[in-house]
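# Overview (structure and organization)
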Amino acid sequence: MEQTSISLHTIEEVKPPVTSIGVIGWARKNLFSNILNSLLTILIAYGLFRSVPTFIKWAFVNAVWWSDGQACNQASGACWSIVTKNLRFILFGFYPYEQQWRPVFAIVLLAAFVFFSSFRRNWNKYLLVAWIVGLTLIGLIMHGGFLGLPSVETEQWSGISLTLLLSIFGLSAAYPFGVILALGRRSRLPAIKTLCVVYIELIRGVPLISMLFMASVMFPLFLPEGVTINKILRAQVAIIMFTAAYIAEVVRGGLQAIPRGQYEAAETLGLNYYLKMRLIILPQALKTVIPPTVSILISAFKDTSLVVIIGLFDLLRTTHVTLSNPEWMGFSTEAYLFTASIYFVGCFVMSNFSRRLERELKT
Amino acid sequence: MFRNVKLQPPPRERIKDLRGRRLINSTLREAGENNKMTYQATKTPDKVSTGPIIRIVSMHKWFGEFHVLKDINLSVDKGERIVICGPSGSGKSTLIRCINRLEEHQRGKIIVDDIELTNDIKNIEKIRVEVGMVFQHFNLFPHLTILENLTLGPIWVRKLPRSEAEDIAMYFLEKVHIAEQAAKFPGQLSGGQQQRVAIARSLCMKPKVMLFDEPTSALDPEMVKEVLDVMMQLAHEGMTMLVVSHEMGFAKSVAHRVLFMDSGQILEENTPGEFFSNPRHDRSKLFLSQILH
């Protein structure tokens, strides 16, 4: 025994072979580990060599940034002028031109709220109150009609303000609604269970577009004469109902992944149904389904663009309208690239946040 | 003594939902003589009890068509320690799980701490507060720290202030020799440590009865002793314990009674000394010869 431990100490520490560390080592291991990998590496390198410089030349070197439509037609590169010259219309649509500082202010306020809320240490009941106050404030500023602010009807809220409005309210209302539906579907009370199953299957069985159509065309027919419900609100409700059904199924998957023993241990302590779910089951279930939940939220965020179908002017629609102006016809690539990048930022923020949350909740 | 007649579950009582009232009445009617007394006791659960803390009277349970528990009669006094053993599938776990209503019985009655177990959810929750349970697989809450696992019940069910709940939790963690792990998560502890935490978690609720469902079966051999030591210590302090276990040493040193079960019936009830040296029932003899080699 002793001899072995002595001999262990006397073995010299040897450095690893040069070929397995450093840049050369990394490249050998990751890029040229066998013939197929080497071939793919070369092929991809060639593809990048051909495409990247061309793109850079088009997007930056030969691009036109601040010209009018005429100059754009002469240029060989990208015409970013369509974005810069129409920026305010793309972003804010028909919101009165002189009043557009209000959506800017609202968006900055909203971004600040989102940023602040993304840290878990800030999560408490005051944050919820702050959100309610904040969203009310945003609504008031957008709508106006007090303190000398001219009132702007919701029909004029368009562009990015509408997209954000539909997504923020849509996602934050659909999530709790979906969780309740998931719990209902696993309920032991037959009436509640049936109701939830029927709801979920019915909603999942129709496309979002048809729900939006129903909300905008069919629903008003059922209202008594003289009663109208705002079109944006109707679209909003359709989006919430649709997204909630999908979230419910994902959350149900999470609930099923929780072992029976967790329910039993919670019940043995004398916790009632509400406390058992709130303290033991949901925290674990919701954590395990963060990745699929975020997928649904991201796709719901992008799906808000379907409201163009019922004539609402969201970000995508205002871009489209810009393109129908004869001066800017034919520059759809640039315009849509810009719009896509805005959507990308939103989705990227969400997926980044979810990855951080998963890391923090890992136990 | 042992009726081997195959009984069918009564059709009305197989329906499990929300029929509390009618079920109470029908079970009481069946149970016979003591009706009036227990019914009143159910109404005044705060009255000081003098009788046994657990009473099971001709209780039956079915899983679907399968008759898992047949005519169980058992009475447990305060401070009594009972070890239940028997081959797997004999219904011993199901029996103790019926005592805190993790399983529902269909005939007969179970009275715990003067409250009869019926479909009344309030009564069930009241009984669960008084009856602690330790599981084979610990069932700690993995998303909470050890300390949070222990304070959860006292804070949310017993409604104690957090500081007091933490004092109680630390007291019991000291008792199971694991106080230094309070801030860790269950996944960072060994099996034996987790099981000791599970015992401490139950004790924090200050239960009157502790149920142990094969508490050492899922443990590595070298960790069995640390858990049994804690259980013995608990026994010496006078806790009422029902233990499903094959730990014969534990049974010999702390149990007042050993119950032997097979195919849903209690076949033998004996003192540990008698049971191990001189079992009465043929099935017990066979069982003992198999586990003692």
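Residues numbered from 1 in each chain as written. Chains lettered and ligands numbered in written order. Predicted model: local features only at pLDDT ≥ 70, side-chain atom pairs only at ≥ 80, totals over all residues. Heavy atoms only, no water.

## Concerning the overall build of chain A
The cut-off we apply is this: Put simply, DSSP marks the helices as runs of H or I at least four residues long and the strands as runs of E at least two long, and each gets a number from the N terminus on. Note on method: radius of gyration uses C-alpha positions; expected globular size equals 2.2 Å times residues raised to 0.38. Each residue's exposure class comes from its accessible area (1.4 Å probe, protein chains only) as a fraction of the maximum for that residue type: buried when under 20%, exposed when over 50%, partly exposed otherwise. Contacts are assigned to residue pairs with any non-hydrogen atoms lying within 4.5 Å of each other. In this description, accessible areas are obtained by the Shrake-Rupley approach with a 1.4 Å probe, and a residue is regarded as covered only by the protein chains that are shown. When charges are tallied, Lys and Arg are placed among the positive residues and Asp and Glu among the negative ones, while His and the ends of the chain are skipped. A charge is said to be at NZ when it belongs to Lys, at CZ for Arg, at CG for Asp and at CD for Glu.
Scanning chain A from N- to C-terminus turns up 16 helices and zero strands. Taken over the C-alpha trace, chain A has a radius of gyration of 27 Å; the compact-globule value for 363 residues is 21 Å, which it surpasses by more than 25%. The principal-axis extents of the C-alpha atoms in chain A amount to approximately 95 × 70 × 40 Å. Buried positions account for 40% of the 363 residues belonging to chain A. Taking contacts inside chain A between residues at least 6 apart in sequence as the whole, the part at least 24 apart equals 66%. With the model as given, the accessible surface of chain A reaches about 21500 Å², and the carbon-plus-sulfur share is 70%. Each charge sign in chain A was given a centre, from 29 positive and 18 negative side chains, and these centres are 4 Å apart.

## A short note on helix α15 (residues 315-323) of chain A
Residues and elements named next belong to chain A. Worth spelling out the cut-off: Along the arc lie the directions from the helix axis toward the C-beta atoms.
For α15, every residue scored as buried is listed here: L315, T318, T319, T322 and L323. The buried residues of α15 all sit within an arc of 145 degrees when viewed along its axis, so they share a single face. Packed against the buried residues of α15 are α5 (81-92), α8 (160-185) and α16 (332-361).

## Section: the nonpolar core
The line we're drawing: What we call a nonpolar core is a set of buried Ala, Val, Leu, Ile, Met, Phe, Trp, Tyr and Cys residues that are connected through their side-chain atoms within 4.5 Å.
Membership of the largest hydrophobic core comes to 125 residues, with the highest contact counts inside it found for L255(A), I54(B), I56(B), I84(B) and L242(B). Examining the composition of this core, we find that 13 residues originate from one element, helix α11 (residues 231-257) of chain A, more than from any other. Not counting the four nearest positions on each side in its chain, I54(B) is found in contact with L74(B), S75(B), V76(B), I99(B), I111(B), V112(B), V209(B) and L242(B). Grouped together as the second largest cluster of nonpolar side chains are 49 residues, C85(B), I178(B), V258(B) and F287(B) included.

## Thoughts on the sheet that holds strand β9 (residues 257-262) of chain B
Residues and elements named next belong to chain B. This is how the line gets drawn: Strand pairing requires that DSSP identify at least two bridges connecting the strands. Angles run from 0 to 180 degrees between N-to-C directions of axes, and those axes are lines fitted to C-alpha atoms, restricted for helices to the stretch in contact.
Across the sheet, six strands lie side by side as β6-β7-β8-β3-β9-β10; this open sheet has mixed pairing. Strands at the two margins of the open sheet, each flanked by one partner only, are β6 (131-134) and β10 (265-270). Recorded for the sheet is a direction-independent mean angle of 20 degrees between the axes of neighbouring strands. As paired elements, β9 and β10 share five bridges and run antiparallel to each other. Paired with F260 across the bridge in β10 is E268. Contacts between helix α5 (residues 121-130) and the sheet are confined to β6 and β7 (209-213), with β6 contributing the most and set at about 65 degrees to the helix. Taken strand by strand, helix α8 (residues 191-203) contacts β6 and β7, and its axis lies near 170 degrees from that of β6.

## Some words on unusual backbone geometry
Residue and element names in this part refer to chain B. For D71, which is not glycine, the phi dihedral falls at a positive 50 degrees. Within the element layout of this structure, D71 appears in strand β2 (residues 66-76). Judged by relative accessible area, D71 falls into the buried class, the value being 17%. In this structure, N139 is a non-glycine residue whose phi angle is positive, near 55 degrees. For N139, the position within the fold is in the loop between β6 and α6 (146-156). Taking relative accessible area as the criterion, N139 reaches 12% and is therefore assigned buried.

## Thoughts on the confidence of the model for chain B
Residues and elements named next belong to chain B. For the record, the criterion: A residue's pLDDT is simply how confident the predictor is in it, with values from 0 to 100.
Looking at chain B, the pLDDT average stands at 84 and 83% of residues meet or exceed 70. Considering only residues more than four positions removed or in separate chains, one finds that residues 12-49, a stretch of pLDDT under 50, has 47 contacts. Scored as a complex, the prediction yields pTM 0.81 and ipTM 0.81.

## What about the pattern of salt bridges?
Pairing between side chains becomes possible if they bear opposite charge and their charged atoms approach one another. Keep this limit in mind: We define a salt bridge as a contact between a side-chain nitrogen of Lys or Arg and a carboxyl oxygen of Asp or Glu at a distance within 4 Å.
Here the structure, examined in full by the defined rule, presents 24 salt bridges over all chains. R120(A) is paired through a salt bridge with E360(A); the nearest N and O atoms lie 3.4 Å apart. Placement of R120(A) in the loop between α6 (101-117) and α7 (125-143) and of E360(A) in helix α16 is noted, with a sequence separation of 240 residues between them. On the basis of relative accessible area, R120(A) is assigned to the partly exposed category, the value being 35%. A relative accessible area of 38% places E360(A) in the partly exposed class. A salt bridge links E237(B) to K175(B), with the shortest nitrogen-to-oxygen separation between them at 2.8 Å. In this pair, E237(B) is assigned in the loop between α9 (221-236) and β8 (240-244) and K175(B) in helix α7 (residues 162-175), connecting sequence segments 62 residues apart. For E237(B), a relative accessible area of 46% corresponds to the partly exposed category. Through salt bridges with shared partners, a single ionic network connects R185(A), E201(A), R204(A), E249(A) and R252(A).

## Some thoughts on the domain arrangement of chain A
Cut-off, in case you're wondering: Each domain's extent is set by a domain assignment, obtained either automatically or from a database.
By domain assignment, chain A separates into domain 1 (50-95 + 326-363), domain 2 (97-151) and domain 3 (167-312). Look at where the C-alpha atoms of domain 2 of chain A and domain 3 of chain A centre, and you get two points 25 Å apart.

## Here we look at the sheet that holds strand β4 (residues 107-112) of chain B
Residue and element names in this part refer to chain B. Read across the sheet, four strands follow the order β2-β1-β4-β5 without closing on themselves; strand pairing throughout is antiparallel. In this open sheet, the two strands that pair with only one neighbour each are β2 and β5 (115-116). Sheet strands touched by helix α4 (residues 92-99): β1 (54-63), β2 and β4. Its angle to β1, the strand with the most contacts, is close to 120 degrees.

## Side note on the interface of chain B and chain A
Let me state the cut-off plainly: Buried area counts how much accessible surface, traced with a 1.4 Å probe, disappears from two parts once they are put together, with both parts' losses summed. N or O atoms within 3.5 Å of each other form a polar contact, as long as, within protein, one can give a hydrogen and the other can take it, and as long as residues adjacent in sequence are counted only when both atoms are side-chain atoms. As a working rule, the residues Ala, Val, Leu, Ile, Met, Phe, Trp, Tyr, Cys and Pro are called nonpolar, Asp, Glu, Lys and Arg charged, and the rest polar, with Gly in that last group.
Counting from both sides, the interface comprises 24 residues of chain B and, opposite them, 20 residues of chain A. Where chain B abuts chain A, roughly 2000 Å² becomes buried across the two surfaces, and 65% of that area is made up of carbon and sulfur atoms. Joining chain B to chain A, the criterion identifies two salt bridges. In this assembly, chain B and chain A are joined by five residue pairs in polar contact (both at pLDDT 80 or more). Contributing elements (two or more residues each) for the side of chain B that touches chain A: α5, β6 and α6 of chain B. Broken down by class, the residue content of the side of chain B that touches chain A amounts to 14 nonpolar, five polar and five charged.

## Description of the environment of F250(B)
Residues and elements named next belong to chain B. As for its position among the elements, F250 is in helix α10 (residues 248-254). Remark: the alpha-carbon pair of F250 and R128, spanning 122 residues in sequence, is separated by 26 Å. Contact partners of F250, with chain neighbours within four places excluded, come to V83, L228, M231, M232, M241, V243 and A255.

## A short note on the state of the cysteines
Selection criterion: Here, two cysteine sulfur atoms that lie within 2.5 Å of each other are counted as a disulfide.
Evaluation of the coordinates by the stated rule reveals one disulfide over all chains. Residue C72(A) pairs covalently with C79(A) via a disulfide, S to S 1.8 Å. Its torsion about the S-S bond being 80 degrees, the disulfide of C72(A) and C79(A) is classed as right-handed. Overall, the relative accessible area of 1% leaves C79(A) in the buried class. In this structure C98(B) is a free cysteine whose sulfur lies 18 Å from that of C85(B), the closest cysteine sulfur available. Given the relative accessible area of 0%, C98(B) is considered buried.

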